[in-house]
Amino acid sequence: MLSDPSALNAVQGEHDTFLVLVSWLVALAASYAGLDIIKLVRRGANPAWRLGWLCAGASAMGLGVWSMHFIGMHAYQLDFPVSHSPLLTLTSIVPAILGSFGVMVTLSRETPPNRPLVLAGLGLGVGIGAMHYTGMAAMRMPAELHHSQVLFLLSLLVAVSLGIACVYAYRLCQHEWGIKRARTCAFIAALCFSTAVCGMHYVAMHAAWFVPTPDAVSPSVSPASHWIIYLIGGVAVLTALLTLVATRVQRRLQASERHEHMTQTRLLEVISALQDSVILLDEQARIRLCNAAFERLVGLSSHQLEGMSVSQLDYAEDSHALSQHIRQALTKKGEWGGMITALDANGEGFPAWLSVSRVTYADSNDRDYVALLSDRSKEQQAQERIRHLAYHDILTELPNRRALQERLAEIGTSRTPTHPYAFLALFDIDRFKVLNDSLGQDIGDELLRQLGERLQQWVEAEWQVARLDGNEFALVGTLACREAPNAEQEMMRLIDEIVASLTAGYLLKGHPYPCKLNVGVLIFQPLDREPTPQLFKRAGLALLEAKRQRDGKPRLFQQAQEDELEERLSLERELRHAIDHNELCLYLQPQVDADRQVIGAEALVRWQHPERGMISPGHFIPIAEETGLILPLGHWVLQEGCRLLGEWRHVPGLQGLQLSLNVSVRQFQQPDFADQVLSVIQQHDVPSERLTLELTESLLLSDPEGTIKKMQQLQHEGVSFALDDFGTGYSSLAYLKVLPLDTLKIDIAFVRDLALGMQATPIAATIIALAQSLGLRVVAEGVETDDQRLVLAQLGCHIYQGFLFGRPCTAAALSSAILEDGPAGHANLAQ
């Protein structure tokens, strides 16, 4: 150690600024390359691999530090020649590598404690110092080397402190930013590291003093020797770059392997998470891979299953034959799929869908097969439930109409029926709506359930019961008898027994209920192959007849019922056509006074059918009322009657005639009926006082207030009203008093018996007296004999209508008779 350099004539050299900068950059690059490896080492799993990269990084860092020192030494220029001992110079690399290795080992740990960090920084500083002063000792020169004690210690302090700072800088940056920004951490730590190396080197060089020997001559360094500086620096930088490239490539490889590993791991996890069984097989049908679902299915682990042949597993019923079939399909098409009965570990079967497909690899000629086994038990149960709901009634759990139709179709399509006769019986609960409305729908449902249970008890091998809808049930079955009369007797005996059991007393939640049924029965021959709708229609006709009778007796289908229905449907269709195409006509029956003078007529609708001839009103009027055709029919009568009155208005001899038109209940109940009548009157310019509308007593019962209001509105315009068939309905005398009537018509039922001395005479007398007391005129219908006329005249009735005075005829015939014969025209009409 030198205390006074001036006393020995000691000297110091000077540094080349450019080379100083180059040395620092070399140190920075080398330290960054070494520290950048830490991230790579931390992710490595193989200890040998980790150690190899630690050695590589430490070597790169050590070489960089040594290169910085070597360049710095050559950047230091003295006034005498200087050389270096090769062996000692190379030995100086070792402390730098060891110090760098300790730092990298410490920083490659996940969370190193403070003590290892401090020791690593201390080791780095000591290594840098040892490297420097070993390199100084390798100098060969004509001078003695001395050091300033203070600067010597300061150089070591700089090396140690900056080494510790380098370690903590990297650790703090890593803790703050994480491993994703490891390169930034490495760069910051490299700055500290290179600064520590340079700081220590140049402080130590400033502490060095040289005492030349007397024979020291010539400069120490020539410009031509700078090539070795650039060579060493280039080698160090190239080593750092190669290290960085190697780490980048290794990271890419690690990322690719990690991605591949994660992809494979996730694929296995996805397959394991599947509820369906997945099996990967080789070409010899040996199991290569399977998921947890298949393990649970067969009761074996994946380790036990790997390498096992599928033929060793009873995975399905008759698995050997199934495997052969699948193998053949795979050979031809490369895939197979279908429903099987799979077997679980306990040997219990369940429905499953099995699909097998060939797997072809892009990078290999190997061929594997993947099998997917899906449990379809829940789907099958759901399908069975759906089918049950589709073919059964929810309330009673009985088969429904659809199921019964298919059963009838089966009976009809049987090629060799065991029984020549079968039956279809329909049951309808009488007055079921009253039960629902009075006791509640839950009581009604209880009755339906109990009746269904009783009906179910009659089901035999070839019989089937069903609930069709609402309160209607059905029973279909076969009969043992082979002759039609015997089959009918057998059916009636059976149905009586069934009805007796079904109508026995019910107890509905504490409420006793005597159930009454309407029953319609159809006996048919399955060999006739009649359509199911036809069978239902015929049984329904029998049920309809039972409902009409309402006596609780079952009704067998009769062909006359179907014929009548067909006739009514045909007549309805033709009547609609007749109304639309003006095939109807009005016949008029004259009304005469006591002198047999024609004072008016009643219009009676007639239907002249082009094929059937004249059709009686008693035949088609009820059909019109049932089907609603009575409305267009009544409107046509109103139009035609008003048209006649409009024509008569301009014909002398006919101007004073009164025309009566019958009005149905449905027609009169239309809200705008009064407006319709007034519109037609205005359309044909009819004197409204010549129009009489005949009403029936049933109209008074349906809506008396509305009836009175409409009558008053029309009567105010001059229209008069007659009450037809008086005495045959349920008229209230209170209504008669307030009704704006003009005429009462005595029904033919009372007129016919007047001359026979029966009770008809006092009834007719009462009606006439009542009309007179109310200020109404009286018209007697159905007067056919002069004796009847005489009795009516004696009772006070002087207006008559009947065959005695004229039969219904066309309007033209009536008009001609009146105009040609004058007051006696009625005589010709009566002939």
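**A word on the confidence of the model for the protein chain**
Working step 1: Across the protein chain, the average pLDDT comes to 79, with 76% of residues at 70 or higher.
Working step 2: Within the protein chain, the lowest mean pLDDT, 50, falls on helix α30 (residues 825-829), and the highest, 94, falls on strand β22 (residues 658-662).
Working step 3: In the predicted structure, residues 220-225 sits below a pLDDT of 50 and forms seven contacts with residues beyond four places in sequence or in another chain.
Working step 4: This stretch, residues 823-827, has a pLDDT under 50; its non-local contacts, to residues over four places away or in other chains, come to seven contacts.

**Quick look at the pattern of salt bridges**
Working step 1: Evaluation of the coordinates by the stated rule reveals 29 salt bridges.
Working step 2: D786 serves as the salt-bridge partner of R789, at 2.8 Å between the closest nitrogen and oxygen. Placement of both R789 and D786 in helix α28 (residues 786-795) is noted, with a separation of three residues, approximately one turn of the helix.
Working step 3: By relative accessible area, which is 16% here, R789 ends up buried.
Working step 4: Residue D786 is classed as partly exposed on the basis of its relative accessible area, which comes to 31%.
Working step 5: Bridged by salt links that share partners, the residues E530, K537, R538, E562 and E566 form one connected network.

**Notes on the nonpolar core**
Working step 1: If you look at the biggest cluster of nonpolar residues, it comprises 77 residues, and the most contacted ones within it are L584, L588, L691, L693, F721, L741 and L792.
Working step 2: Ignoring anything within four residues of it in the chain, the contact list for L693 reads L661, V663, F673, V677, L714, V719, S720, F721 and A722.

**Overview of the sheet that holds strand β14 (residues 472-479)**
Working step 1: Ordered by their spatial adjacency, five strands build an open sheet running β13-β14-β12-β17-β18, and the pairing between neighbours is mixed. Each edge of the open sheet carries a strand with a single partner, namely β13 (464-469) and β18 (555-556).
Working step 2: With five bridges connecting them, β13 and β14 associate as antiparallel partners. Note that in β14 the partner of V465 across the bridge is L475.
Working step 3: Contacting β12 (421-429), β13, β14, β17 (517-524) and β18, helix α17 (residues 532-549) runs over the sheet at an angle of about 145° to β17.

**Focus: helix α11 (residues 319-332)**
Working step 1: Relative to the 20 Å expected for 14 residues at 1.5 Å per residue, α11 spans 20 Å between its end C-alpha atoms, a close match to the ideal helical length.
Working step 2: Looking at α11, one finds that the buried residues are S319, L322, S323, I326, A329 and L330. Along α11, the residues classed as buried sweep out an arc of 125° about the axis, all on the same side. Facing away from the buried surface of α11 by more than 90 degrees, the exposed residues are H320, T331 and K332.
Working step 3: Lining the buried residues of α11 we find β9 (335-343), β10 (349-360) and β11 (367-375).
Working step 4: Where α11 terminates, the next one or two residues include G334, which has phi positive at roughly 85°.

**Points about the pairing of strand β24 (residues 720-726)**
Working step 1: Taking burial as the measure, the seven residues of β24 include six buried ones, the bulk of the element.
Working step 2: Bridging between strand β23 (residues 691-695) and β24 involves four bridges; their strand directions are parallel. The residue of β24 that forms the bridge with L693 is F721.
Working step 3: The pairing of β24 with strand β25 (residues 743-746) spans three bridges and is parallel. Paired with L723 across the two strands is L744, which belongs to β25.

**Here's the deal with the side chain of S374**
Working step 1: Examined against the element boundaries, S374 turns out to sit in strand β11.
Working step 2: At a separation of 3.3 Å, a polar atom in the side chain of S374 contacts the side chain of D276.
Working step 3: Not counting the four nearest positions on each side in its chain, S374 is found in contact with D276, P351, A352 and W353.

Cut-offs applied
- Counting restarts for each chain, with residues numbered from 1 along the sequence as it is written.
- Whole-chain, interface and lining totals are the exception, using all residues; otherwise, since this is a predicted model, local features are given only for residues with pLDDT of at least 70 and side-chain atom pairs are given and counted only at 80 or more.
- Excluded from the side-chain calculations are hydrogens and water; all other atoms, namely the structure's heavy atoms, are used.
- By definition, pLDDT measures how confident the predictor is in each residue, and it falls between 0 and 100.
- Each helix is a run of H or I in the DSSP string that is no shorter than four residues. Each strand is a run of E no shorter than two, and both are numbered from the N terminus.
- Here, two residues are considered to be in contact whenever any of their heavy atoms come within 4.5 Å of each other.
- Any carboxyl oxygen of Asp or Glu that lies within 4 Å of a side-chain nitrogen of Lys or Arg is treated as forming a salt bridge with it.
- Each residue's exposure class comes from its accessible area (1.4 Å probe, protein chains only) as a fraction of the maximum for that residue type: buried when under 20%, exposed when over 50%, partly exposed otherwise.
- Among buried residues, those of type Ala, Val, Leu, Ile, Met, Phe, Trp, Tyr and Cys that are joined through side-chain atoms within 4.5 Å constitute a nonpolar core.
- Pairing between two strands is assigned when DSSP locates at least 2 bridges connecting them.
- Axis definition: a line fitted to C-alpha atoms, over the contacting stretch in the case of helices. Angles run 0 to 180 degrees between N-to-C directions.
- A helix's residues, less one, multiplied by 1.5 Å, set its expected span.
- As used here, the arc is the angular range of directions from the helix axis to the C-beta atoms.
- Think of a polar contact as two N or O atoms within 3.5 Å of one another; within protein, one of them needs to be a possible hydrogen donor and the other a possible acceptor, and neighboring residues in sequence only count if both atoms come from side chains.

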